Amino acid sequence: MKIALTKLSTRDLATLAQRIISNAQSGRYPVITNHPLLDALQNSFAEYDSVYSKPAFSGKGKEVAAADKVRDTAYHNLKAFLNGYRKLPSAAHHQLAEDLYGIFKTFGLDLDRLSYSSQTAQMKKLTEALELPENSQKIATLSLEDAFEEMKSTQEAFEAVFTDQVQANAGLRTMKSASAIRRDLEKKIKSLLNLSTAMNGVPGWGQFYSDTSELVKAAKNSSVKKQKENQPKNL
């Protein structure tokens, strides 16, 4: 009873394990009932079944991207206003706009093109600089308090979503890997198949060996069929 378990697809391996367990628990084979190897296979399959389809990442990427787009817009709007206003010498307080725009220059005029982490670091420094008393007064004089608060709040909102993503991804990575769990399940299936083969001929084991062998053949045939279906057709 030979089968290359490593060549089975994720789903086919799960199907084979489930069928072997269900057959062994049917009550038709007293010799395998409550056998330690069967219990070990059940436990390994339960763990495999719970994680083999789990995502590698949290799926929060879209939320992070959306939050980043919102903060980019708020950053761009305030920067664009200051850039335009400072170019109007006849406008009242245009020098204040020049001063504030200079602060944007200090920390970079293209923060929205940086990586998430780099932009966050620079935005924090920009915000801290704009919150200094002398700069807060200039912002108030230009009636830009709301625009500044919007830029600040969207930055904070982004940080919250980004932190959630980092923590969620870290949680997934600390889980036992699907590949490690698969190897363990393959090992348990192989042990049970080897036991059945070794005990074939011993009273009470023959039927279990025969029926399990049919399950293995079905798994092999399914794997071969899928391989043929995935082969490119000749022109």
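Fair warning: this is a prediction, and the values are worked out from it, not measured in the lab.

(A) Up close: the overall build of the protein chain. The helix and strand inventory of the protein chain stands at nine helices and zero strands. In sequence order, the secondary structure elements of the protein chain are arranged as α-α-α-α-α-α-α-α-α. In the protein chain, which comprises 235 residues, the share counted as buried stands at 35%. Residue pairs at least 24 apart in sequence account for 74% of intrachain contacts in the protein chain once pairs closer than 6 positions are excluded.

(B) The arrangement of the environment of E186 in detail. Inspection of the secondary structure assignment puts E186 in helix α8 (residues 178-199). Once the C-alpha coordinates of E186 and L13 are considered, the two residues, 173 residues apart in sequence, prove to be 8.1 Å apart. Apart from residues no more than four positions distant in its own chain, E186 is found in contact with L5, T6 and L13.

(C) Local environment of helix α5 (residues 116-130). Spanning 15 residues, α5 covers 21 Å between terminal C-alpha atoms, matching the ideal 21 Å at 1.5 Å per step. Listed in full, the buried residues belonging to α5 are Q119, T120, M123, L126, T127, A129 and L130.

(D) Here's a closer look at the nonpolar core. Membership of the largest hydrophobic core comes to 28 residues, with the highest contact counts inside it found for I3, L16, I20, I32, L185 and I189. Listed by contribution, the elements that provide at least two residues to this core are α1 (10-24), α2 (36-51), α8 and α9 (206-230). Once you skip the residues sitting within four places of it in the chain, I20 turns out to touch L41, I189, L192, L193 and L215. Judged by nonpolar contacts, the second largest core, of 21 residues, contains A97, L111, L126 and F148.

(E) Structural context of a negative patch on the surface. Together, E145, D146, E149, E150 and E156 make up a negatively charged patch on the protein surface. Structurally, E156 can be placed in helix α7 (residues 145-174). Look at E156 and you get partly exposed, because its relative accessible area is 46%.

(F) Structural view of α1. If you check α1, its first and last C-alpha atoms are 22 Å apart, about what 15 residues at 1.5 Å a residue would give, namely 21 Å. Every buried residue belonging to α1 is among D12, L13, A14, L16, A17, I20, I21, N23 and A24, and all of these are buried.

(G) Layout of the environment of L8. Tracing the backbone shows L8 in the segment before α1. On a C-alpha basis, the gap between L8 and K220 in space is 7.8 Å, while along the polypeptide they are 212 residues apart.

(H) Region of interest: the packing of aromatic side chains. This model, assessed by the stated rule, comprises seven aromatic pairs. Seen from their ring centres, Y29 and F208 are 5.1 Å apart, and the 65° between their planes marks the pair as edge-to-face. Of the two residues, Y29 is situated in the loop between α1 and α2 and F208 in helix α9; the sequence distance between them amounts to 179 residues. A connected cluster of aromatic rings, assembled from ring pairs, spans Y29, W205 and F208. If you follow R71 out to its NZ or CZ, it ends over the ring of F158, 3.7 Å from the centre.

(I) Focus on the packing of helix α4 (residues 94-107) against α5. Contact geometry for α4 and α5: axes closest at 10 Å, N-to-C directions at 155°. By the angle between their axes, α4 is roughly antiparallel relative to α5. Seen along the crossing, α4 lies across α5 with a hand that is right-handed. Here α4 contributes L100, I103, F104 and F107 to the contact with α5, which in turn contributes Q122, K125, L126, A129 and L130. Split into classes, the residues belonging to the contact of α4 with α5 amount to seven nonpolar, one polar and one charged.

Conventions we followed
- Residues numbered from 1 in each chain as written.
- Predicted model: local features only at pLDDT ≥ 70, side-chain atom pairs only at ≥ 80, totals over all residues.
- Heavy atoms only, no water.
- Helix = DSSP H or I, 4+ residues; strand = E, 2+ residues; numbered from the N terminus.
- Buried < 20%, exposed > 50% of the residue type's maximum accessible area, 1.4 Å probe, protein only.
- Contact = heavy atoms within 4.5 Å.
- Expected span 1.5 Å × (residues − 1).
- Core = buried A, V, L, I, M, F, W, Y, C linked by side-chain atoms within 4.5 Å.
- Patch = residues over 30% accessible without salt bridge, like charges linked within 9 Å, V, L, I, M, F, W, Y side chains within 5 Å.
- Areas by Shrake-Rupley, 256 points an atom, 1.4 Å probe, with all protein chains shown as cover.
- Salt bridge = Lys/Arg side-chain N within 4 Å of Asp/Glu carboxyl O.
- Lys, Arg positive; Asp, Glu negative; His and termini not counted.
- Charge placed at Lys NZ, Arg CZ, Asp CG, Glu CD.
- Phe/Tyr/Trp six-rings, centres within 6.5 Å; stacked < 30°, edge-to-face > 60°.
- Lys NZ or Arg CZ within 6 Å of the ring centre and 35° of its normal.
- Axes fitted to C-alpha atoms, helices over the stretch in contact; angles between N-to-C directions.
- Parallel < 35°, antiparallel > 145°, perpendicular 65-115°, else oblique.
- Left-handed = near helix turned anticlockwise from the far one by under 90°.
- Nonpolar A, V, L, I, M, F, W, Y, C, P; charged D, E, K, R; others polar.

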